[in-house]
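Per-entry structural report
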2 protein chains.
Amino acid sequence: MIRRGFQVAARLGHHRAPPGAPGILPRLAPASAFGSSADSLVSRFCPEKTDLKDYALPNATWCPDMLSLYHEFLEKTKSGGWIKLPSFKSNRDHIQGLKLPSGLVATSDKTDWRIFTRCIQVEGQGYEYVIFFQPSKKKSICLFQPGPYLEGAPGFAHGGSLAAMMDETFSKTAYLAGEGLFTLSLNIRFKNLIPVGSLAVLNVEVEKIEDQKLYMSCITQSRDQQTVYAKSSGVFLQLQLEEESSQ
Amino acid sequence: MIRRGFQVAARLGHHRAPPGAPGILPRLAPASAFGSSADSLVSRFCPEKTDLKDYALPNATWCPDMLSLYHEFLEKTKSGGWIKLPSFKSNRDHIQGLKLPSGLVATSDKTDWRIFTRCIQVEGQGYEYVIFFQPSKKKSICLFQPGPYLEGAPGFAHGGSLAAMMDETFSKTAYLAGEGLFTLSLNIRFKNLIPVGSLAVLNVEVEKIEDQKLYMSCITQSRDQQTVYAKSSGVFLQLQLEEESSQ
């Protein structure tokens, strides 16, 4: 039963509100208020040893395009510059030891949580994806193969499934590139439908970080870049996570 | 295995392309080219007798707010004016006897498809929602309760899960209000996070239908309208489905 237990709706982006307006977010000087380096964020995010299952690893349902591009980018991680991001069952696993700022925490008696983009655990049926991140350039690539449970029009991925994949890739990139935590806006122009079972490649870039916000862009296309599936932009709010108390 | 079987990537919205540019969509006069009345679309969409499971019915996981608002709108269907939309496992079930225009059809050997917003079948864990549609006003209301498999930040719904819910509510409304089939754009401004397990109410309106496009808006808020979760707009392309051959 998930009927109750929540009392807080976190209010976002209120630092642009008129003086005197209520808002739970403090006004912070841009960038300088954020002390965590990309290195420390990445090393916490990508633990060298963990018992957690990484869902961003190849399986038998990956199409040949997805598999070969995965290995191409995996090579790039060896020479430095690129990092393969692990993908755990919940964001709780990604931010271990940290939590949302007080006042933003929701309480519940549920224990079985999943990050939305890993909600379907049957291989190949839902989201298959892996994100590679290039810290020096603040860029990411997401290889995304929608399964038949992500359908919209018959035979094609639901626009909402791509929107969520964009939001998730933006989100991880924003966090690692500059402690971007919350989506403030998401604007998507759809160009072509993605056939279920095929590969779509999301190219994400941080365009600028200004006034506690990360401005990002994404182009989603086929591997050969001949078909553009969608273009989008997103704005994320910077917000530092707090250390979790040991109690 | 879902490795192959797709050859067509449908190209959307190309009727705005420069003269001579390739495009699979014919230029049609607005509105007049679309002959199906809302009544005939609705009656096909909402079959009186069917063996298909309707997922938009109350279950034990619905929170009291969701349940009582559901019954409030159900009352409005009795006096006419509002229609409760059924929600089947796949859009194939909603458009029985029809298909996408030739050239937009994807082929595959898969048989187990699910519409994205019904991808999780365990009650209460994923999407719980029901859409009510008011044909005369071209308006919809979606009651949405995100489960713990739709998580983004710990305890809150993923922004992408709300984006998909908006796209889906836009999509059904656009189809029934004017044969809107494909999302051309989706713009979302997030205001507050939705706690997992709580009710969010999406209010969708068709603002105008012009040049083969439906322009729509959505405001998502708590039942008491004291908390706005997000505002969005969407543009959908009109496109008539074809009769399926009996072969």
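Residues numbered from 1 in each chain as written. Chains lettered and ligands numbered in written order. Predicted model: local features only at pLDDT ≥ 70, side-chain atom pairs only at ≥ 80, totals over all residues. Heavy atoms only, no water.

1. Details of the pattern of salt bridges
Residue and element names in this part refer to chain A.
- According to the stated counting rule, one finds 22 salt bridges over all chains in the structure shown.
- With its nearest N and O atoms 2.7 Å apart, the salt bridge here joins Glu168 to Lys172. Highlighted residues: Glu168 and Lys172, both in helix α4 (residues 159-178), separated by 4 residues, approximately one helical turn.
- What emerges from the salt-bridge pattern is a single network uniting Asp65, Glu72 and Arg223. (Salt bridge = Lys/Arg side-chain N within 4 Å of Asp/Glu carboxyl O. Helix = DSSP H or I, 4+ residues; strand = E, 2+ residues; numbered from the N terminus.)

2. Quick look at helix α4 (residues 159-178) of chain B
Residue and element names in this part refer to chain B.
- Relative to the 28 Å expected for 20 residues at 1.5 Å per residue, α4 spans 28 Å between its end C-alpha atoms, a close match to the ideal helical length.
- Of all 20 residues in α4, 20 are buried, a share of seventy percent or more.
- Where α4 terminates, the next one or two residues include Glu179, which has phi positive at roughly 55 degrees. (Expected span 1.5 Å × (residues − 1). Buried < 20%, exposed > 50% of the residue type's maximum accessible area, 1.4 Å probe, protein only.)

3. What to know about the interface of chain A and chain B
- Across the boundary between the two partners, chain A contributes 68 residues, which contact 68 residues of chain B.
- Summed over both sides, the interface of chain A with chain B buries roughly 5700 Å², with 60% coming from carbon and sulfur.
- Inspection of the chain A/chain B interface yields 2 salt bridges.
- Measuring nitrogen to oxygen at the nearest pair gives 2.3 Å for the salt bridge that ties A:Arg92 to B:Glu151.
- For the pair chain A and chain B, the number of links is 26 residue pairs in polar contact (both at pLDDT 80 or more).
- For the side of chain A that touches chain B, the element with the most residues is strand β5 (residues 180-190) of chain A, which contributes 9 residues. (Contact = heavy atoms within 4.5 Å. Buried area = accessible area lost by both parts, 1.4 Å probe. Polar contact = N/O pair within 3.5 Å; in protein donor to acceptor, adjacent residues only side chain to side chain.)

4. Quick word on the UniProt feature "domain: Thioesterase" (unreviewed entry) in chain A
- Under the feature "domain: Thioesterase" (unreviewed entry), the UniProt entry names residues 155-225 of chain A.
- Structurally, residues 155-225 of chain A comprises 28% helix and 44% strand, and the distance from its first C-alpha atom to its last is 21 Å. (UniProt positions renumbered as here; feature names shortened; annotations may be inferred.)

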